[in-house]
Every structure is written in structure tokens, then in C-alpha cells.
Amino acid sequence: MGFYDPERGVIAASDVLNTRPGLDPGPRPAPVMPSATSGPGSSPGRDPFEPEAQDATPHASPPPLWGGAGGGGLPATKGPVLVTFYRSYLTAGDTAPIDALIDALRAAGFAAYGAFAPSLKAPGVGDWLRAHLAACPPVAILNATAFSAQGADGSTPFDGADCPAFQVALSTARRRDWVASDRGLSPADLAMHVVLPEVDGRLFAGLISHKSPGKRHPDLQFSRFAHRADAARIRAVVDRVTAWHHLATTPAADRQLALILSTYPGRAHQMAHAVGLDALASTETLLSTLAAEGYGVTEGAPLPQALTETLTWPLADYLTALDTLPEPLRQTLTEAWGDPAADPSVKQGQFHFPATRRGQVLVALQPERGDVQTRDGDYHDLSRTPRHAYVAFYLWLRAQGVHALLHMGAHGTLEWLPGKSVALGDTCWPEALIGPTPVIYPFIVNDPGEAAQAKRRIGAVTLGHLPPPMVASALPPALATLERLLDEYSTADGLDPARRTRLIASIQDEARASGVADDLGLAKDATPAETITRIDRFVCDIKESQFGHGLHIFGEGQGERDGLLRALNGRRVPPGPAGSPNRGRCDVLPTGRNLFSVDPRAVPSRNAHAQGVKLAAELVRRHLQDHGDYPRGLVVDLWGSATMRTSGEEFAMALHLAGLVPKWDEGSARVSGFEILPLAILGRPRIDVTLRVSGLFRDVFPTLAQLFEAGAEALSQRDETPEDNPYTLRAPRVFGPQPGQYGLGMGTAADTFTAEARAAAGEAWLNASSWAIGTDGQSTENRKGLEARVLNADAFVHAQDLPETDVLMASDYAAHAAGFAAAVARLGGQTPSLYHLDATRPDDPRARTLTEEIARTVRARAANPLWAEGMMAHGYRGAAEIAATLDHMAAFAHLAQVVPPHLFDLYHDATLGREDVRAFLAQENPQALAAMEDLFRRLRDAGLWQTRRNSIAATLDGAA
């Protein structure tokens, strides 16, 4: 190990230590190359951290390392930058990308130099780098080695440097493969150069090279594969480093910040939406913190009021800025959206952005991305292209020279725009819009997948924040009589047969009167044993439920505040794991750290596999209880973030249902393949599983899709009957969105209560799921194959591992689960069983029908007065959350017909039926009140809700 200069080769440590930007260090020894044995202890009697001396004639007056005549590059004025890389690159003469990176950094004004080592975890390297960084503190570190550098104590060699450490990737693929790839990096490169370095807190800055052969040697007939520098990507990396350095060196009072809040398409009352976070209160708290830290912050009107006003940008300026975008993006934008002047946000030749200025801080709502499908069906392939106002917004921010962008809460849409999933290029929309601007992103700590998307696609520092505090639910008073009857039955069972018989009838009557019988879908001819067992279990489930009380406010705790200020000062933010603190993950505390996630090669873990077996057993048990037989075909809905949180429990469940077992490398956590469980050991038929994977799952876990398809292929070769092994019929079994796209793109179909809209929602689900992923990892469109799998399925399951959320807290649950039901209806099939697998308590998973889960959620949380009171402490955002729960109930009712009418009665009673809640809505967010009144009426008019009570009907008519 040693230090390196591109022009002079290996240099002495004293050259680095004695050199400061702009100073000529004077004469120095000749450059040397490392020997095969150089390293600590290889040459007794000398400094073990100096490169070995070799016979050479010293230069009488060598050129200075940085700047000056003959030194290569411009005089350095911004401070030293350390570039670390593998010693093997040096010994192989394969340093072209390292040389180009150092040269580009010097050209940008940094005093860049290299340091090489066999590995950052090699003996002695950590101490060597720590000592050097203490003696010569850099303003930035760029690391070109792979993997995490954490030692046994959890520390890394870079921890002592209070500056950002960036990670660059030297791709093992050819450039032409990268250009054509939607993925950006191979699974191995993704793990080595992105995922594992995140564990150390490094910021991914992009790739700097590709690997390709040189000219074939005429005599040896050999082409040497080597790393080839990518000049454009290196410029992008240096621009990112420069932007963070500019942020760090600008006085706080002069920093211009853009603070962005999410919007919810089509719902003006849902501004500043963020998962588990009061983004408006968090913004006000942040502004106060910044003012106290010397930032140029001024006071202003309350944000709910201020953000109804707009700031403008001339259309002419937009057209000029648009010319800076790559031609392919401009062409796509024009094809998708036409003339910019026709954008709804353009009035009198100006773009109007909902935004307000608080001194040097611009607070703005992120524009809606738009939905091309609402314009013309011919634009299906352009369906994720952002509209002109969206593009203009980010070009406007960059034109103002903002030093950093803060996005308050999970999550926005910028990181989900079309482009490569990682290692983006200049024709990828996220990079084209945000460029090198530093992004700081407070993010709920239990959402590793979507945080990873922000880290890898827009270079964000994702600062974990707590979810709302959990509180225990309680049995609703309306079920008190039912609970008493169940208690009496438990004492009478086996003692008084006549009394026991009377109690069974009373329990059944009370269950019907309270709506519980409808919640559980109890058949009239159900046996008493089944009836009592299921009712008792449902009542217990409600009593044992928990929910988040109110919303979290970012920055109220010291850890979160410190992490944010460190990021804004351009300093290193310590890394921290992502996960659910209410599912045993105490290691996610303290929050305020830079989130990281799991190694995709170690998924599923051994523990996750054991849990997956339990989930599979519970799901099979429930299906046998409901239907008396095993599922004929099962669609398993897999999300990337959940798979990260659980290390693959849901995927392991799918494997076990098929009779497959992961195989791990000896002495390693990495999954290397699978084994097949014989039917005799499995003890049941193999379940015909189809995986519908999200876009994030597809990108983060590409090898899992390949593994499942390979397993299905192997099962098809088994000498087993089709009754025991449905995989004997070979068909694609892993489907997801088109590469480079995310989400389901339902638009307004989930909120428009017509048969046509439901069909459109089903079509959207099919369109966003019709790409089959093969054993080679490649995606190919296969709509017919998907339709066959959908129509073959008699069950669908989504597993929920997060205690902090439920099916009515986010639109994604209805879009995926109820959207599947709409897709089946769109194809003319029979509605399958829709299951929600509650995995929030690992020791006691529960499979419920979707109706049963919605009913549990309404009775335990949504209709609980304590939940409404928690939200009423959060003003505008609390009112928006109350309205959002109704939105999600309505989507389930519309798309899947799984919400019994009495549940809407319960929610109406708990919200608009309470004078205090109604008054709160009217004062804090009157648009939310109007939206709820309108939605209740539309549900009634569409036949999705017929209230049992005349008082509610009169209220609805009176509000019309």
C-alpha cells in the first residue's frame, strides 16, 4: 500500500503530508512502483507504510504534485481529495479510470491524489489510512474499492475523516452493455460497488469506467481486458463532489436551500404528504433550527396558506434551459406532452409553481408528474415521462443556484422517473433534472427500499426518522356485548349444554347485528365450532392491535437534528440500518443516520427462510379452512422494501409453497442456489405460485427472480404427477413492470366509481405486470402468459410485516391487492380469494381475508376515537390523514368490493359524525372536509355504500 500520482507513479507519504493546496512541496524522491511483496512488515528496518525503494536516479527538481509548472492540472485551491483504489490495478497497469478521475478532480481545483491497498480490510490498512487522514484531512474521499470496509468493531478507515466519502463503480461490463441496460449494473456490481459501501455511509457518485478488450496483439493473438475511463461519467462524479464541497464551504447565511414537499395527484387537500410524518410541522421546525444556526431564514405565513400562492418562471427561460437537456429527452417530452405553453401550469407566458420564500430557503410543492395515459392511449410507452411543469420546476431550481435540495419525508417522485435503476447516465430523467445538486432526504426509518431508491438514483443522503409512537387499541364499545357472550360461552362449554346452546345462538345473533358476521364472511350454515372460533379470534385480534398515534415531527430529537445539520454542512453523516423499531429492530436507533439496507446476495437469510416456512404454513392453513383444499394457483405480491426489511421472508414463503429450499454458500450468508424438497418431506402438493414483483424488487433483487424461475424449471423435470406438481406445465412464473418503470399507473381509475374505471384500473394492473423475468434475468413482454397465470389463480396474497402501518394508510395496498381483483374482472374471471398475511408478529402470523383485515383495521384504528384525537394534534396534515383513510377504503370497495357497508357507517360516525372532528376539519383543512363529504355521497350514489342509519343519510343529503 502507498500513495499515487498519475504522472509520477508511487510517491512517498511525506510528499502527501508536506503538500498543501497551492504550495510547491519542493524536491522529492523519484517515483517507484510497488513490489510483489510490498506492505506492512515486508521490509524490516523501514517504515512499513512507505513503498519499497527501488534503484532509480532521483529527479534533481521533480514537478510539484499539484499545480505549478509541469505538475499536470490547474493550481489546487479547494483542498485535498483522497482517491482510494486497489493495489492490483496499479500492478496490472490498469489505472486509466483512476488517473482520469484524479486528473478531472485536479482540473476542478482539488488537490487530488491516490492511495492504493490490497483491500481496505487488509491487516494494517485501516490504521495506515486513519493516521494519514488525521495528519492530512481531506475535503472529500472517493473510494474505488468494492464491498464494505467495516472491521470486527464496526468501524471503517474513513470514519475519522469528517467529510463525505463517495463511492464510484468500475463496471465489469462493456460500455455498450451499460448503454443498452435498464439495470445499469450487474447484480454483482450492484452489491459490491453500491449496496455494501452504503453500509459504511458512502454516497454513491456513479460509475467511472467500463471493461472492454484492447487491440488484439498480432503475435500473442490476445486482447487484454481492462478498465476504460468514461469521461462523461467522470465529469458527473466530479460535478457531484464539487457541489457538495460548494455546500460545505458556503457560509450558512449565504446558503440557498430548496425544501420540497410532496403532493398527492388530484387532491389539493393532501399537500405535504409523507409516510408517518407531519411534513408541514417538520418544515417549520427545520426552518426554526436553520434560523438558530445562522441561515438566512425569515418568517412567513403558515405553510398551508403560503403554499396556495405561486412563484413564476417565464416560459421563455424554460425553453432556453430545455436546450441543455439531451436531445432524446427533449424529443420524448415533446412527443408525450406537446407544446409547453399548453401545460396547465402556464398562464400568461409564465410557469406558476406553488411555492413560498422564507429568506434564503425556498419551500415548494413538488409538481404532479402527470399521466400521459389520460391524454392518448398511443402514448403507453411514454406513460412515465414527466410533464413540462415538472421538468420546468427542477430546471428552475437549478437556474437559481440552490446549494442543496431537501425533500421532507417519504417519498417524492423524482427518484422514480424513467432511467436506469442505478449508475444512471445523462439521458436518465432523475440525473437530467437534479444533476449534481446535493439532496438531503429525511426518510422514515422503516422503509429501506424506497430510501435506497433515493440514494442510488438521485445521490441522496437519507436521514432516518422515527415512525409515530405506537399505542394499544381497545375493543370498541359496540363489541362489548359480543365479548361478554364469548366469555360466558368459554365458562359454559362442557358444563351446561343447554346454556351453551343458547349462548351459541346469542353470539351468532350479536355477530350479525354488529356486522362481525359480514366482516368474517361467515356462512349461515357454518358450524358452531367454526363460528365461535373465528369470532373469538377476530375479537382478540382487535384487542391486541396497535396503531401509530399522531404523526412524527422530524428534528424534535437531537439525533435527527444533528444528522441534518451535518449533512447541510457537507460533513460525514454516520450510517444506520433501516428497519422497523416495533418489530425487534432496536439497532435502527438512534435515528438521524444515513440509512442502509441488506446485501441482496444474502436474501433470503436463514432466519428469513425459517419464518417463511411459518408464513407458508399459515397461508395454507387458512385456505384449507376456507375452501377445504389447497390453492390451485396462487399469486404472491412481492415488494422490494418489505423484502429488504425482512431479509426475504415473503420470498422464502413462496419458495416453500413450491417445495424449494434456498442453498447457502458454506461459511457464508450468500444464497447460491436451491434444493428441491421431496413430496414425502413436504407432506402436501406443491402450490402453483406466480410472483408479481414490484419495480423496486426487480431492480434490487434480480437474482431472486432468476432463482425462482430456475426452481420452476427444475421442478418441471421431476417425475411427479400434475396433481402433486403443477410445475410440470412449464410457464413463466415471475412478472413485473417494464424495465425502467415503477408503480401501477392507475391514475384516477381508482377514484372514479364506474365500471369503465374499474376495467381501466384492471388494465393498468395488467399493463404494469406483463413483463416476464426469465432465468437469465432478462425481462420480456408476455401479456398472454400473465393473463393465463391470473386466470389460473384462485388466491392472491400480500404479506404485511410493518406494525407501524396498515392496509388503509397508503394507496399502494388497494392498488396492488384490489387492483389484482380488478384485473381478474377485466379478463372475465371469477374473483379469487384475496388474503392479507399479517406478519407483524413473527411468532404468530395471521392470514386473513382482505375484508377481514379491512374490518380489523377500521374497528381497531380508523374508528377508534384515540386515533382521530392523535391526528387532531397535527392540524392540516392530521385532517389530510383522516381523509386519506376514507380514500383508501373507497378504493378497496370500488376495485374489489371487499368493504361491507357497515364499515363506512363506522368511519362516518368516527369522523363526520363527531362534531369536534367536523369542526377540526373545517378549521384546519376545509378542502379535506369537502372531499370527505363528496366521497361519502359518491360512494352512496355508486351503490358501494348503503348506510343502515337514516341519520347518516340525512346528513349526506344536507351536506349536498
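All figures in this text were calculated on a predicted structure; none of them were measured in a lab.

Each value, and the rule that gives it
Residues numbered from 1 in each chain as written. Predicted model: local features only at pLDDT ≥ 70, side-chain atom pairs only at ≥ 80, totals over all residues. Heavy atoms only, no water. Helix = DSSP H or I, 4+ residues; strand = E, 2+ residues; numbered from the N terminus. Rg over C-alpha atoms; globule rule 2.2 N^0.38 Å. Buried < 20%, exposed > 50% of the residue type's maximum accessible area, 1.4 Å probe, protein only. Contact = heavy atoms within 4.5 Å. Areas by Shrake-Rupley, 256 points an atom, 1.4 Å probe, with all protein chains shown as cover. Lys, Arg positive; Asp, Glu negative; His and termini not counted. Charge placed at Lys NZ, Arg CZ, Asp CG, Glu CD. pLDDT = per-residue confidence, 0-100. Pairing = 2+ DSSP bridges. Right-handed = clockwise from strand over helix to strand, strands pointing away. Axes fitted to C-alpha atoms, helices over the stretch in contact; angles between N-to-C directions. Domains from an automatic or database assignment. Parallel < 35°, antiparallel > 145°, perpendicular 65-115°, else oblique. Salt bridge = Lys/Arg side-chain N within 4 Å of Asp/Glu carboxyl O.

## Some details on the overall build of the protein
When you go through the protein residue by residue, the secondary structure sums to 35 helices and 30 strands. The C-alpha atoms of the protein give 30 Å as radius of gyration, which agrees with the globular expectation for 960 residues (30 Å, within 12%). Over its C-alpha atoms, taken along the principal directions, the protein stretches across nearly 110 × 70 × 55 Å. A total of 960 residues make up the protein; the buried ones form 59% of that total. Within the protein, contacts between residues separated by at least 24 positions form 76% of all contacts whose residues are at least 6 apart in sequence. When the accessible surface of the protein is split by element, carbon and sulfur atoms take 53% of a total near 35,300 Å². For the protein, the centre of its 88 positive side-chain charges and the centre of its 109 negative side-chain charges are spaced 3 Å apart.

## Notes on the confidence of the model for the protein
Detailed reading of the predicted coordinates is not advisable wherever pLDDT falls low. Chain-level statistics for the protein give a pLDDT mean of 91 and a share of 92% at 70 or above. Across residues 375-380 the pLDDT falls below 50, and counting only partners more than four positions away or on other chains, this stretch makes 9 contacts in the model.

## Some thoughts on the pairing of strand β29 (residues 833-838)
The element β29 is extensively covered by neighbouring structure, given that 6 of its 6 residues are classed as buried. Sheet topology note: the strand β28 (residues 795-800)/β29 ladder contains 6 bridges and is parallel. By the bridge assignment, H798 is partnered in β29 with H836. Following the backbone out of β28, through helix α28 (residues 811-826) and into the adjacent parallel β29, one traces a crossover that is right-handed. Summarising the sheet, β29 and strand β30 (residues 846-849) pair through 4 bridges and their orientation is antiparallel. Considered in β30, the bridge of D838 is made with R846.

## Description of the sheet that holds strand β6 (residues 165-170)
For sheets, the rule is that strands pair by backbone hydrogen bonds, running either parallel or antiparallel. Spatially, 8 strands are ordered β2-β1-β4-β3-β5-β6-β7-β8 in an open sheet, and the strand pairing comes out mixed. Of all strands in the sheet, those with a lone pairing partner are β2 (9-11) and β8 (225-229), marking the two edges. Between one strand and the next, the sheet's axes are offset by a mean angle of 35°, whatever the strand orientation. Alignment of strand β3 (residues 80-86) against strand β4 (residues 111-117), held across 7 bridges, turns out to be parallel. Across the sheet, T84 pairs through a bridge with A115, a residue of β4.

## Description of the domain arrangement of the protein
Its domain assignment divides the protein into domain 1 (2-9 + 73-246), domain 2 (252-468), domain 3 (474-544), domain 4 (606-858) and domain 5 (862-959). Look at where the C-alpha atoms of domain 1 and domain 5 centre, and you get two points 55 Å apart.

## Some points on the side chain of R789
Looking at the secondary structure, you find R789 in helix α27 (residues 783-792). If we skip the residues at most four places from it in the chain, R789 touches D688, V689, T690, A731, P732, R733 and F735.

## Considering the sheet that holds strand β25 (residues 734-736)
The strand order across the open sheet built from 8 strands is β27-β26-β25-β24-β21-β28-β29-β30, with neighbouring strands paired in mixed fashion. Single-partner strands in this sheet number two, and they are β27 (779-781) and β30. Neighbour-to-neighbour, the strand axes of the sheet open up by a mean angle of 30°, direction not taken into account. Bridge count between β25 and strand β26 (residues 771-773): 2 bridges; the pairing is antiparallel. Following the sheet pairing, G736 is matched in β26 by W771. Contacting β24 (689-693), β25 and β26, helix α25 (residues 702-716) runs over the sheet at an angle of about 145° to β25.

## Topic: the packing of helix α33 (residues 915-924) against helix α34 (residues 926-941)
Close contact between α33 and α34 brings their axes to 5 Å; oriented N to C, the two are set at 125°. In terms of axis orientation, α33 runs oblique to α34. On the side of α33, the interface is formed by R918, L921, A922, Q923 and E924, while α34 contributes P926, L929, M932 and E933.

## A word on the pairing of β4
Of all 7 residues that make up β4, 7 are buried, and the element is covered over most of its length. Neither face of β4 is open: one carries A111, Y113, A115 and A117, the other A112, G114 and F116, and all of them are buried. Pairing analysis gives 3 bridges linking strand β1 (residues 2-5) to β4, with the strands arranged antiparallel. The residue bridging G2 from the neighbouring strand is F116, located in β4.

## Quick look at the pattern of salt bridges
Using the criterion set out here, one finds 57 salt bridges in the structure. R106 is the salt-bridge partner of D5, the closest N and O atoms lying 2.6 Å from each other. One end of the pair, D5, is in strand β1; the other, R106, is in helix α3 (residues 96-107), and 101 residues separate them in sequence. Relative accessible area serves as the criterion here: at 3%, R106 is assigned to the buried category. A salt bridge links D162 to R571, with the nearest nitrogen and oxygen atoms 2.8 Å apart. Of this pair, D162 sits in the loop between β5 (140-143) and β6 while R571 sits in the loop between α19 (558-568) and β19 (575-577), placing them 409 residues apart in sequence. Connected via shared salt-bridge partners are D541, D838, D844, R846, R848, E853 and R856.

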